[in-house]
Amino acid sequence: MDFTFGKRGMIAGLLAAGALVGTGAFAAAAPAANAPELRISSADYALEYTVLNGNGDGFSSVLEANSAREVQAEGFTTVQFSVNGKLVSAYGPLEADRTLVCNAGGTVAAPAVTCAFA
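Computed from a prediction, not measured in an experiment: that's the story for all the values here. (Residues numbered from 1 in each chain as written. Predicted model: local features only at pLDDT ≥ 70, side-chain atom pairs only at ≥ 80, totals over all residues. Heavy atoms only, no water.)

Asks: So what exactly am I meant to see when it comes to the overall build of the protein chain here?
Replies: Assigned secondary structure in the protein chain consists of one helix and eight strands. Put simply, the protein chain has 118 residues, and 25% of those count as buried. In the protein chain, of all internal contacts separated by at least 6 residues, the share reaching a separation of at least 24 is 48%. For the protein chain, the accessible surface area stands at approximately 7400 Å², while carbon and sulfur atoms represent 59% of it. (Helix = DSSP H or I, 4+ residues; strand = E, 2+ residues; numbered from the N terminus. Buried < 20%, exposed > 50% of the residue type's maximum accessible area, 1.4 Å probe, protein only. Contact = heavy atoms within 4.5 Å. Areas by Shrake-Rupley, 256 points an atom, 1.4 Å probe, with all protein chains shown as cover.)

Asks: Sorry, what's going on with the pairing of strand S6 (residues 86-91) here?
Replies: Consecutive side chains along a regular strand alternate between the two faces of the sheet. By the bridge criterion, five bridges tie strand S5 (residues 78-83) to S6 in an arrangement that is antiparallel. Each bridged residue has a counterpart across the sheet, and for Gln-80 the counterpart in S6 is Ala-90. Hairpin remark: S5 followed by S6, antiparallel, with two residues in the connecting loop; positive phi at Asn-84, about 55 degrees. (Pairing = 2+ DSSP bridges.)

Asks: Just to check I follow, could you spell out the packing of aromatic side chains for this structure?
Replies: Scanning the entire structure with this criterion turns up two aromatic pairs. Between Phe-59 and Phe-76, the ring centres sit 5.5 Å apart and the planes meet at 80 degrees, which makes this aromatic pair edge-to-face. Of this pair, Phe-59 sits in strand S3 (residues 58-63) while Phe-76 sits in the loop between strand S4 (68-72) and S5, and the two are 17 residues apart along the sequence. Residue class for Phe-59 comes out partly exposed when judged on its relative accessible area of 31%. Each ring, one from Phe-81 and one from Tyr-91, has its centre 6.5 Å from the other, and the planes form 65 degrees; the classification is edge-to-face. Separated by 10 residues along the polypeptide, Phe-81 in strand S5 and Tyr-91 in strand S6 bring together distant segments of the chain. (Phe/Tyr/Trp six-rings, centres within 6.5 Å; stacked < 30°, edge-to-face > 60°.)

Right, dumping it as structure tokens:
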């Protein structure tokens, strides 16, 4: 089968369009460049954190004692910290292009969490 320049050009165009669509899919899956970020460090006790949006919806996770985690918080406005189901503190609003660094201290009987934007 003999390909003419027109057929080759059409195939090249389709391949280029497919590459652009594939690139767009990868870009859509990546978090926004201006998304807020959290850096959370626990103390000698497990620390639960909850990240919430303006409607009160969100997710929770538990950091084991003496551990750290970074969290992308795109679409979320507030972070709350609890120990053994009791609220310790909450911080908000989270700010785009900013990292909120939170460190737990104190003891499990008297926990404390301090946060500041880096």
